[in-house]
Amino acid sequence: MILLIYRAVATWMVLHASLLLAQDVSIATLDPEMAVSKKSAGGIDWYDVTQWGVEGRILPDQERQQWFDRLPASAQGSVTKNVWNLSRDSAGMMVRFTTNATAIHVHYKLKDAGLAMPHMPATGVSGVDLYARDSHGDWRWVQVAKPSSQEVKAEIVSGLAEGQREYAAYLPLYNGVEFMSIGVEQGRHFAGLKPREKPLVFYGTSITHGACASRPGMVHTAILGRRFDMPVANLGFSGNGRMDKAVGDYLVQIDAAAFVIDCLPNMGPAAVAEKCIPLVKQIRQSRPDTPIVLVEDRRNTNDWILPDRQQHHTDNHAALKAAYKSLVDDGVTGLHYIEGDHLYGDDADGATDGSHASDLGFMRQADVFEPVLRKAIGMQN
């Protein structure tokens, strides 16, 4: 009897599942919070962000092939092909504005049709991430655009509390942008805010680039920008952050608050020994007083069970420590150092794939960076 009841229930469950499949019930139907962003309709005033500028776009007076490229057009003939192609991503760019709107829209077209990666969602790869200042002046997350097509014209958020406030919208991390406008209801106040000067400049790898944040605002560079309330320039080049002199040629042109060199995840000990000292001296020659922060590579979160990987990190750390000591002994001043052993934490849960940070890993990384950067730029706690 029990067996007959079990078989009847199992048959009902199979038929019910088949019926749901036949009806093509989407996850967005079951959970509206999982839906893509609602398409914008009429009654909206649109504001082109290029009319007042975005932060994270270095050397804005130099000619660019596309307005939202991270490097000027001249870099195509000097940096490697991979660095050039990756520089077309809008990683780290952020636009600020004030409005009293109760709904905020965005209209942008992505450079690439691929919206996501196997281990990184479309919200991080191709989304626009919105923050606002609260009544205390602190940055707080509001909502992220959830793209479903190469061109996005959508409502990021509605039902906002009345009041004038400052907003910040972070651009996509692993995609480029062809154009972008912010939209608010007609008749509402809107003003773009000019990009701030003297950014924190990060030169690094895929981790700096933003892999694998769920949203553009969750990369450690963006987190630190909010904590310090400072502009940030993200020069992370996935798989290609290698302390290259050609990239250094652009770093030295930036009037930076500090340079953070975080390239070890793409390098080995021999390359670190060869290239670290020349890059630091290249920067120091042109920028004698700007702080320079050297960062060890994070340990892969599974290196505890991968001896070869663990040894690689240990050797990399030793090579950077040796370069740092040599620079200090040679009289180079304004150097600071961040160790890599605890960047992702100590529980093996700070990465998405062992190598690239999850949101948890990025937050932990920001916590380790913060006191060193505060000291470097002379900012009080």
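Sequence order as written defines residue numbering, which begins from 1 separately in each chain. A pLDDT threshold of at least 70 governs which residues receive local features in this predicted model, and a stricter bar of 80 or more applies before side-chain atom pairs are shown or counted, although totals over entire chains, interfaces and linings include all residues. Water and hydrogen atoms were dropped before computing side-chain values, which therefore reflect all heavy atoms in the structure.

Only Phe, Tyr and Trp rings are paired, with Trp represented by its six-membered ring, and only when their centres lie within 6.5 Å; those with planes under 30 degrees apart are stacked, over 60 edge-to-face, the remainder tilted. Applying the stated rule across the entire model yields eight aromatic pairs. Residues Tyr47 and Phe190 carry aromatic rings whose centres are separated by 4.2 Å and whose planes lie at 10° to one another, so their mutual orientation is stacked. Of this pair, Tyr47 sits in strand β1 (residues 44-48) while Phe190 sits in strand β9 (residues 190-193), and the two are 143 residues apart along the sequence. In this structure Phe190 comes out as buried when scored by relative accessible area, which is 12%. A run of H or I in DSSP becomes a helix once it reaches four residues, and a run of E becomes a strand once it reaches two; helices and strands are each numbered from the N terminus. Relative accessibility under 20% of the residue-type maximum defines a buried residue, over 50% an exposed one, and the middle range a partly exposed one, all with a 1.4 Å probe and only protein chains included.

Turning next to the nonpolar core. Judged by nonpolar contacts, the single largest core of 40 residues is most densely connected at Leu71, Met243, Leu251, Ile261 and Leu294. It is helix α8 (residues 269-286) that provides the largest number of residues to this core, a total of five residues. Contacts: residue pairs with any heavy atoms within 4.5 Å of one another. Beyond its immediate stretch of four places on either side in the chain, Met243 contacts Tyr203, Ile261, Cys263, Leu264, Met267, Lys275, Cys276, Leu279 and Leu320. For this analysis, a nonpolar core means a set of buried residues of the types Ala, Val, Leu, Ile, Met, Phe, Trp, Tyr and Cys, connected via side-chain atoms within 4.5 Å. Counting residues in each nonpolar core, the second largest holds 39 residues, with Met230, Ala351, Ala357 and Phe362 among its members.

A few words on the packing of helix α6 (residues 220-228) against helix α10 (residues 359-377). At a closest axis distance of 9 Å, the pairing of α6 and α10 adopts a crossing angle of 50°. As far as their axial angle goes, α10 and α6 are oblique. Crossing hand, α6 versus α10: right-handed. Along the contact surface, α6 presents His220, Ile223, Leu224, Arg227 and Phe228, while α10 presents Phe362, Met363, Gln365, Ala366, Asp367, Phe369, Glu370, Leu373 and Arg374. Class assignment for the residues of the contact of α6 with α10 results in eight nonpolar, two polar and four charged. Axes here mean lines fitted to C-alpha atoms, for a helix over just the part in contact, with angles spanning 0 to 180 degrees between N-to-C directions. Roughly parallel means an angle under 35 degrees; roughly antiparallel means over 145; roughly perpendicular covers 65 to 115; every other angle is labelled oblique. Throughout, a crossing is termed right-handed when the near helix is turned clockwise from the far one, and left-handed when it is turned anticlockwise from it by less than a right angle. Residues are grouped as follows: nonpolar covers Ala, Val, Leu, Ile, Met, Phe, Trp, Tyr, Cys and Pro; charged covers Asp, Glu, Lys and Arg; every other residue, Gly included, is treated as polar.

Right, let's talk about the sheet that holds β9 for a bit. A pair of strands is labelled paired if DSSP reports no fewer than 2 bridges between them. With antiparallel pairing, five strands are arranged side by side in an open sheet as β5-β4-β7-β2-β9. The two strands at the open ends of the sheet, each matched to only one other strand, are β5 (139-144) and β9. On average, each strand axis in the sheet is tilted by 30° relative to the strand beside it, whichever way the strands run. By the bridge criterion, four bridges tie strand β2 (residues 94-99) to β9 in an arrangement that is antiparallel. Directly across from Thr98, in β9, lies its bridge partner Ala191.

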